[in-house]
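Residue-level structural notes
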Amino acid sequence: MEKDNSGKPKPVILTCAQPTGSLTLGNYLGAIRNWSEMLDEHECYFGIVDLHAITTPSQPAVLRQNVFECIAQYIACGLDPQKCHQFVQSHVMGHTELAWVLTCNTPIGELQRMTQFKDKAAKLGFKVSENTGNDDLKFEHQGARAQASINAGLLCYPVLMAADILLYNADLVPVGEDQRQHLELCRDLAQRFNHQYSETFTIPEPYVPKTGARIMSLADPTRKMSKSDENERATLYILDEPDRIRKKIGSAVTDSGSEIKAVSDKPGVLNLLTIYSSLSGKPIPEIEEHFLGKGYGELKSELSEIIAESLEPVRAKYKDLIQDKAYLKSVLAEGADAAQKRAYKILSKVYRKVGFPERAK
Ligand code: AMP
Ligand code: TRP
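These numbers were taken from a predicted model, which means no experiment stands behind them. (Residues numbered from 1 in each chain as written. Chains lettered and ligands numbered in written order. Predicted model: local features only at pLDDT ≥ 70, side-chain atom pairs only at ≥ 80, totals over all residues. Heavy atoms only, no water.)

In terms of nonpolar packing, the biggest core is built from 60 residues, with Y28, Y74, I275 and I307 touching the most fellow members. Among the elements of the structure, β1 (12-17), α1 (25-35), β2 (43-48), α3 (60-76), α9 (242-250), α10 (267-280), α12 (296-323) and α13 (325-354) are those that each provide at least two residues to this core. If one sorts the elements of this core by residue count, α12 sits on top with eleven residues. Two domains each provide a minimum of three residues to this core, namely domain 1 (12-213 + 324-354) and domain 2 (242-319). Of all hydrophobic cores here, the second largest spans 42 residues; its members include A99, L160, A163 and A339. (Core = buried A, V, L, I, M, F, W, Y, C linked by side-chain atoms within 4.5 Å. Buried < 20%, exposed > 50% of the residue type's maximum accessible area, 1.4 Å probe, protein only. Helix = DSSP H or I, 4+ residues; strand = E, 2+ residues; numbered from the N terminus. Domains from an automatic or database assignment.)

This paragraph deals with the domain arrangement of the chain. For the chain, the assigned domains read domain 1 (12-213 + 324-354) and domain 2 (242-319). Computed from C-alpha coordinates alone, the two centres of domain 1 and domain 2 are separated by 33 Å. With eleven residues of domain 1 at the contact, the number on the domain 2 side is eight residues. Carbon and sulfur atoms supply 75% of the area that domain 1 and domain 2 bury against each other, a total of about 840 Å² over both sides. Between domain 1 and domain 2 we count zero salt bridges in total. The interface formed by domain 1 and domain 2 includes one residue pair in polar contact (both at pLDDT 80 or more). The leading source of residues in the side of domain 1 that touches domain 2 is α3, at five residues. Looking at side-chain class alone, the side of domain 1 that touches domain 2 contains eight nonpolar, one polar and two charged residues. (Contact = heavy atoms within 4.5 Å. Buried area = accessible area lost by both parts, 1.4 Å probe. Salt bridge = Lys/Arg side-chain N within 4 Å of Asp/Glu carboxyl O. Polar contact = N/O pair within 3.5 Å; in protein donor to acceptor, adjacent residues only side chain to side chain. Nonpolar A, V, L, I, M, F, W, Y, C, P; charged D, E, K, R; others polar.)

Within α9, the full set of buried residues consists of I245, K248 and I249. When α9 is viewed along its axis, its buried side chains cluster within an angular range of 95 degrees and face the same direction. Those residues of α9 that are exposed and angled more than 90 degrees off the buried face are D243 and K247. Considering only its buried residues, α9 is in contact with α10 and α12. (Arc of directions from axis to C-beta.)

Okay, the pattern of salt bridges next. Taken as a whole and assessed by the stated rule, the structure comprises 16 salt bridges. Ionic pairing is found between R223 and D229, a salt bridge with its closest N-O pair at 3.3 Å. Relative accessible area serves as the criterion here: at 44%, R223 is assigned to the partly exposed category. The buried category is assigned to D229, whose relative accessible area is 17%. Linking R315 and E312 is a salt bridge whose minimum nitrogen-to-oxygen distance equals 3.0 Å. Of this pair, R315 and E312 both sit in helix α12, three residues apart, which is roughly one turn of that helix. Of the residues examined, E312 reaches a relative accessible area of 39% and is grouped as partly exposed. When salt bridges that share partners are traced, they join E232, D240, R244 and K248 into one network.

For the structure on display, the rule yields eight aromatic pairs. Taking 5.6 Å as the distance between ring centres and 40 degrees as the angle between the ring planes, the aromatic pair formed by F87 and Y168 counts as tilted. Of this pair, F87 sits in strand β3 (residues 85-88) while Y168 sits in the loop between α7 (152-166) and β6 (172-174); the two residues are 81 residues apart in sequence, bridging distant segments of the chain. Note on F87: relative accessible area 1%, which makes it buried. Ring centres of Y351 and F356 lie 4.9 Å apart, and the angle between their planes is 75 degrees; this geometry places the pair in the edge-to-face category. For Y351, a relative accessible area of 28% translates into the label partly exposed. Ring pairs connect the aromatic residues W35, F46 and Y74, which therefore count as one cluster. Seen from the ring of Y157, K120 lies directly overhead, with NZ or CZ sitting 4.3 Å from the centre. Directly above the aromatic system of F68 lies the positively charged group of K325, at a separation of 5.1 Å from the ring centroid. (Phe/Tyr/Trp six-rings, centres within 6.5 Å; stacked < 30°, edge-to-face > 60°. Lys NZ or Arg CZ within 6 Å of the ring centre and 35° of its normal.)

As C-alpha cells, then:
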C-alpha cells in the first residue's frame, strides 16, 4: 500500500488498454498525458490486456509485438515506471480466476445486452435482435459475412474487465465514454458479491480527468478521433513523422467562411484550435487573437509545426525504448510483481468467502 505525506493510503487508480497498434493524438491529449499528472497522488496500475485481445481474431506474433509497442508508447508519453506499475494481464495470476467466480454470478442476459457486445457481434456478421420475449437475444446470420459463431469470450469480455478492476480494489478507473456501460456492470457485480458474501470489493468510480480534451476526427469533426477509423487522414498517431502530420493537418476538414473562431458551428476549426491549445498550453482566446485576419492555411501550417515539435520527444523516446526489449521486460516484470502482490491478497479473500477450502501449507 502506498501512502501520501500525511501517512494516509493513496487512492488506487487502475486502467487497462488493449495492445492495439499506435496510440492516437486523442489517446495522448484526452487520456495518457493526464494520467501522467496523477501518478504522485495515487497508487497507479496500468494493465495491457492481452487476454482481452484474443476475444477477436489475433495473430500470435503481432500480439506479442503489440504488447512491447504499447508499453514503449506509454513510457514515451510520460508514464514513468518509477511512479506506477505497468503490467501485462497474462503475467498476473488472478484475472481469469476472479473472472470465473464473477462469471458464475452474472446472468447471461446482462452480457447480451452490452452495447459493445452487440456492436462486435454485428461486425462478425450477426444481427442481434432484442425483445424476443425472454432474456435471450436472437442472433441472425447475415449471409456469407457471418462467421461460424460468436465466441463465448466476446460475451464474457465485460466480466473479465470487471475482474481486472476488482482484483485490485481500485477506487478510480479512468475510462472513455464507450466503456462506461462495462464499468457500470462491474459496479453491479461488486455490489452483488458484497451483498451475497459480505463486504469484499471496493465499488470503483469512473475517473474523468479535469483537463482532458476531446479530440475529433480530422475528416469528420463531429466524430471522435479514433484508431479504428478507416479513413487514413482522419487520425493523427503519436508516432506520425512530421511530413505525415503536415499532410493530415493540411487536408483536415475546415468550415465555410474564413474566420478562425472556436464556435460550435465551426467544428473543424474548433477541433484544430483545441489541439493547438492543448499542446501549446495557450488559452483559446489568445490563439484566436493571434490568428485575427489570417486564414485557415496559416492556422494549419503553424499547428502542424506545433504538433510535430510536441511529438518529437515522444517519438525519439519511443525509438530508443522499442530497441531496448530488456528494459521493457524489466519494467513489465516489476509491474507484474507489484500487481501480483496486491491481486493475490484479494483473490485469496474471494476464494475464502466463496467457500473454496484453503490448501495446506
Ligand atoms: P480507446 O482508444 O478508445 O481505447 O481509449 C483509450 C483512452 O483514450 C480513453 O480514456 C479515451 O477516453 C481516450 N480517448 C480515445 N480517443 C480520444 C479522443 N479522440 N479524444 C479524447 N480522448 C480520447
Ligand atoms: N475494455 C477496455 C477498452 O477496450 C480495456 C479494459 C480491459 C479496461 N480491462 C479494463 C479498461 C479495466 C479499464 C479497466 O478500452
